[in-house]
Amino acid sequence: MAISDNTVKLLWGRAAGICSNPGCREDLTVLLEGIRGFNVGEMAHVIASSPTGPRGVAGGGSDEYENLILLCPTCHRTIDKAPSGTYSTETLHLWKRSHEASIRSNGMAKIFQNSEELKKHITFLLAENHALWATIGPQSSVAKTDPGSNMNEIWTLRKLDTIVPNNIEIINTIGANFRLLSKAEIYLFFLFKNHAKAFEQHQYTRLDNYPLFPQEFEKAMQP
Ligand SMILES: [Zn+2]
Ligand SMILES: [Zn+2]
């Protein structure tokens, strides 16, 4: 058995490419530079595949999402080399659960005083998404001039670690501050939300078509 591409994508995306150890939180996107395929590497087993490995049990642990946690190389080494019992199965599941929940709820607690500040923040997040798309997306010059490179894999993972989490933060932030927007702006926001939900789903299960990014929303968010 090996870890499937879809499992890698799920783990990477839900953790937003960040080490799940609450005391670390290292940005792992730097590791993507030399990847081949979806072999990002630091998908640590909660229960080792070998019965005698870290936290091993008879029969060994699976290569499925449920038994993996995204860590940086240092934390991966630390938890696997520590004396047995230091990092329990429960501890690692707790790290993973809280880290993924914090990505999901990012932005919910951000309260803005006026629409200008809110829009500045939304524009900042949209600009990061746009810049990433323009630099390494399918329309970028790198993708067009070097189609044999690993750009496609990198782009797939960067959508998951940056664009999807930024979209989640936009949805949560506007959800917590909608009182600062006009009715027309809220309508555009819901168009964006429909797009973002389908876009995320599309990363894991290809959809035949989904609502495109509404350009009017980006314009409306300009402070
Ligand atoms: Zn390991
Ligand atoms: Zn770490």
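Residues numbered from 1 in each chain as written. Chains lettered and ligands numbered in written order. Predicted model: local features only at pLDDT ≥ 70, side-chain atom pairs only at ≥ 80, totals over all residues. Heavy atoms only, no water.

Looking now at the coordination of the zinc ion (ligand 1). Looking at the zinc ion (ligand 1), one finds its protein donor set to be His76 (NE2) and Asp80 (OD), positioned 2.0 to 2.1 Å from the metal centre. In this pair, His76 and Asp80 both sit in helix α2 (residues 73-81), four residues apart, roughly one turn of the helix. Given a relative accessible area of 16%, His76 falls into the buried group. The class of Asp80 is partly exposed, set by a relative accessible area of 26%. (Donors = N, O, S within 2.8 Å, 3.2 Å for Na, K, Ca; no water. Helix = DSSP H or I, 4+ residues; strand = E, 2+ residues; numbered from the N terminus. Buried < 20%, exposed > 50% of the residue type's maximum accessible area, 1.4 Å probe, protein only.)

This brings us to the coordination of the zinc ion (ligand 2). In the first shell of the zinc ion (ligand 2), the protein supplies Cys19 (SG), Cys24 (SG), Cys72 (SG) and Cys75 (SG), at 2.3 to 2.4 Å from the metal. Taken together, the four donor atoms coordinating the zinc ion (ligand 2) span angles of 101 to 117° at the metal, a pattern that classifies the geometry as tetrahedral. Read in sequence order, the donor residues for the zinc ion (ligand 2) give the motif C-x4-C-x47-C-x2-C. Comparing Cys72 with Cys75 shows no difference in burial state: the two are buried. (Tetrahedral: all angles 85-135°; square planar, octahedral: opposite > 155°, others 65-115°.)

The next subject is the UniProt feature "domain: HNH" (unreviewed entry) in the protein chain. Here, the residues flagged by UniProt with the feature "domain: HNH" (unreviewed entry) are residues 60-78. With 32% helix and 16% strand, residues 60-78 has end C-alpha atoms that lie 20 Å from one another. (UniProt positions renumbered as here; feature names shortened; annotations may be inferred.)

Let's shift gears to the nonpolar core. Among the nonpolar cores identified, the biggest contains 35 residues, and Trp12, Val40, Met43, Ile69, Leu70, Leu71 and Leu157 are the most heavily contacted of them. Only α1 (5-14), β1 (43-45), β2 (68-70), α2, α3 (89-105), α4 (115-136) and α6 (151-177) provide two or more residues apiece to this core. With eight residues, α6 is the largest single contributor of residues to this core. Viewed by domain, this core spans two of them, domain 1 (5-105) and domain 2 (115-220), each represented by three or more residues. In this structure Val40 touches Val8, Trp12, Leu32, Ile35 and Leu157, once residues within four positions along its chain are discounted. (Core = buried A, V, L, I, M, F, W, Y, C linked by side-chain atoms within 4.5 Å. Domains from an automatic or database assignment. Contact = heavy atoms within 4.5 Å.)

Turning to α2, its buried residues number three or more, namely Cys75, His76 and Ile79. Projected down its long axis, α2 carries its buried residues within an arc of 105°, all on one side. Seen from the buried face of α2, the exposed residues on the opposite side, beyond 90 degrees, are Arg77 and Lys81. Taken together, the buried residues of α2 touch β1 and α3. (Arc of directions from axis to C-beta.)

Take unusual backbone geometry next. The phi dihedral of Ala16 falls on the positive side, at around 55°, and the residue is not glycine. Note on placement: Ala16 falls in the loop between α1 and β1. A positive phi angle is found at Arg55, which is not glycine, with a value near 55°. Within the fold, Arg55 resides in the loop between β1 and β2.

Now for the side chain of Glu200. By secondary structure assignment, the location of Glu200 is in helix α7 (residues 183-204). Taking the relative accessible area as the measure of exposure, Glu200 reaches 17% and is therefore buried. Once you skip the residues sitting within four places of it in the chain, Glu200 turns out to touch Arg104 and Val164.

This part covers the layout of surface pockets. There is about 550 Å³ of room inside the largest pocket. Every residue lining the largest pocket is counted, 19 residues in all, and those nearest its centre are Trp133, Ile163, His195, Phe199 and Phe213. Residue assignment for the lining of the largest pocket shows that the elements contributing at least two residues are α4, α6, α7 and α8 (215-220). Of the residues contributing to the lining of the largest pocket, the split by class is ten nonpolar, seven polar and two charged. (1 Å grid on protein atoms, 1.4 Å probe; cavity = no way out; pocket = protein on both sides within 12 Å on 5 of 7 lines; lining within 4 Å. Points joined across faces, edges and corners; volume = space filled by probe spheres on them. Nonpolar A, V, L, I, M, F, W, Y, C, P; charged D, E, K, R; others polar.)

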